[in-house]
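Examination of the molecular architecture
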Amino acid sequence: MGRGKIKVIVIPHQGEDNLHKGVATAWQHIKLGLESIEDYSVYQERWMPDWDEVIVDCKSGDDLESIATQLMEIGFDSAIFIGGDHLITYPILKCLVQRYPGLYVLHIDAHADRRDTYCGRKFSYATVMRRVEELLGGERVITLGYRSLVPEEGGKLFRWDELTEAIEELRTPYYLSIDMDVFDPSVFPCVTHPEPGGIRFDEFMKLLMRLPKFVAADIVEFNPHVATWWPSSVFVATILREMLIKVAAE
Ligand SMILES: [Mn+2]
């Protein structure tokens with residue numbers, strides 16, 4: 001993979017089985033949100049670093065091989081990936097694990113995403129962490145913030161009030177995956193599957209400040225079409241700024 005500036009890599013993938021369409025348009029809304037906020041973070045007392053935008057071609061629908069091939073061609077040192085739905089995490093990790101064989105994943109989500117199949121599909125936003133477990137080993141995939149699952153979904157699952165236990169399981173190098181539905185629908189309604197009982201922005205920031213630096217991260221499942229999109233666009237833009245600062249920090 002090539003070296004250079006931090007990249008924001010957009011993967012506007014939307015699965016056939018998504019209940020509401022809309023995640024493919026996330027990035028254009030986040031870009032408007034970035035125009036509204038300061039480039040300076042009062043939380044980390046740093047400026048947002050320079051970054052390059054790269055957009056992956058997802059016209060081929062569920063063709064994960066095509067996404068993985070494009071990611072290998074793009075090459076990146078530090079990157080934040082923007083979905084799209086949660087399935088994008090799989091091709092990203094398929095590339096990253098070649099470079100970091102012992103990679104861990106911290107998966108922040110209202111859902112476990114560990115069904116074996118969903119709507120007859122092996123690869124779906126509802127099965128993605130099961131596939132990631134098969135790729136990396138189940139002990140390396142840590143989910144935090146879940147509040148909805150079915151009994152077949154097992155693994156290293158932690159509720160938000162078990163945050164300290166989840167962090168104790170984490171090792172570096174690691175990848176951070178953020179499903180926006182981890183937030184409470186009252187603070188962030190723009191997701192396809194909102195779940196009551198979620199976290200606030202300040203709780204997320206407290207976690208981010210506690211975590212060691214990650215090698216790359218994604219922000220997925222922002223669906224601007226299911227609720228009033230403007231405050232949510234600014235919300236995701238703010239999260240992106242904070243993560244760019246975090247990944248750029250020495
Ligand atoms: Mn979710």
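This section reports on the structure supplied with the text. As the structure is a prediction and not an experimental result, all values here were calculated from the model.

Criteria and cut-off values
- Residues numbered from 1 in each chain as written.
- Predicted model: local features only at pLDDT ≥ 70, side-chain atom pairs only at ≥ 80, totals over all residues.
- Heavy atoms only, no water.
- Patch = residues over 30% accessible without salt bridge, like charges linked within 9 Å, V, L, I, M, F, W, Y side chains within 5 Å.
- Areas by Shrake-Rupley, 256 points an atom, 1.4 Å probe, with all protein chains shown as cover.
- Salt bridge = Lys/Arg side-chain N within 4 Å of Asp/Glu carboxyl O.
- Helix = DSSP H or I, 4+ residues; strand = E, 2+ residues; numbered from the N terminus.
- Buried < 20%, exposed > 50% of the residue type's maximum accessible area, 1.4 Å probe, protein only.
- Pairing = 2+ DSSP bridges.
- Donors = N, O, S within 2.8 Å, 3.2 Å for Na, K, Ca; no water.
- Axes fitted to C-alpha atoms, helices over the stretch in contact; angles between N-to-C directions.
- Contact = heavy atoms within 4.5 Å.

**A closer look at a nonpolar patch on the surface**
On the surface, Tyr40, Val42, Tyr43, Trp47 and Met209 cluster together into a nonpolar patch covering about 560 Å² of accessible area. Among the secondary structure elements, Tyr40 is positioned in strand S2 (residues 40–41). Under the relative-accessibility criterion, Tyr40 is labelled partly exposed at 31%.

**Notes on helix H4 (residues 128–136)**
Buried residues of H4: Val128, Met129, Arg131, Val132, Glu133 and Leu136, and no others. One or two positions beyond H4, positive phi appears at Gly137, with a value near 100 degrees.

**Here we look at the pattern of salt bridges**
One pass over the full model with this rule turns up 16 salt bridges. Residues Asp77 and Arg99 are paired through a salt bridge, measuring 2.8 Å at the closest nitrogen-oxygen approach. Here Asp77 is found in the loop between helix H2 (64–74) and strand S5 (79–83), whereas its partner Arg99 is found in helix H3 (residues 89–99), with 22 residues between them in sequence. A relative accessible area of 30% means that Arg99 is categorised as partly exposed.

**Description of the pairing of strand S6 (residues 104–108)**
Of all 5 residues making up S6, 5 are buried, and the element is well covered by its neighbours. With burial as the criterion, each face of S6 is covered, one bearing Tyr104, Leu106 and Ile108 and the other bearing Val105 and His107. Sheet analysis places S6 next to strand S9 (residues 174–179), joined by 5 bridges and oriented parallel. When the sheet's bridge partners are listed, Val105 is paired in S9 with Tyr175. Of the pairings in the sheet, the one linking S6 to strand S7 (residues 141–144) comprises 4 bridges and is parallel in character.

**Here we look at the coordination of the manganese ion**
Bound to the manganese ion are the protein donor atoms Asp109 (OD), His111 (ND1), Asp179 (OD), Asp181 (OD) and Asp181 (OD), situated 2.2 to 2.6 Å from the metal. Along the chain, the residues donating to the manganese ion are arranged with the sequence spacing D-x1-H-x67-D-x1-D. One end of the pair, His111, is in the loop between S6 and H4; the other, Asp181, is in the loop between S9 and helix H6 (201–210), and 70 residues separate them in sequence. Note on His111: relative accessible area 13%, which makes it buried.

**Looking at the sheet that holds strand S10 (residues 216–220)**
In a beta sheet, neighbouring strands are held together by backbone hydrogen bonds and run either parallel or antiparallel to one another. Across the sheet, which stays open at both edges, the 8 strands sit in the order S4-S1-S5-S10-S9-S6-S7-S8 with parallel pairing between neighbours. At either margin of the open sheet sits one strand with a lone partner, and together these are strand S4 (51–55) and strand S8 (156–158). Direction aside, neighbouring strands of the sheet carry axes that sit 15 degrees apart on average. Sheet contacts for H4: S6, S7 and S9; angle to S7, the most-contacted strand, approximately 150 degrees.

**Observations regarding unusual backbone geometry**
The linkage connecting Gly83 with the following residue, Gly84, adopts the cis geometry, with an omega of 5 degrees. Cis peptide bonds are those with omega within 30 degrees of zero, and the linkage from Thr172 to Pro173 qualifies with 0 degrees. Examined against the element boundaries, Pro173 turns out to sit in the loop between helix H5 (163–169) and S9. For Glu45, which is not glycine, the phi torsion reads 50 degrees and is therefore positive. The topology assignment puts Glu45 in the loop between S2 and strand S3 (46–47). For Glu221, which is not glycine, the phi dihedral falls at a positive 75 degrees. Mapped onto the fold, Glu221 is located in the loop between S10 and helix H7 (229–248). Residue classification places Glu221 among the buried residues on the basis of a relative accessible area of 5%.

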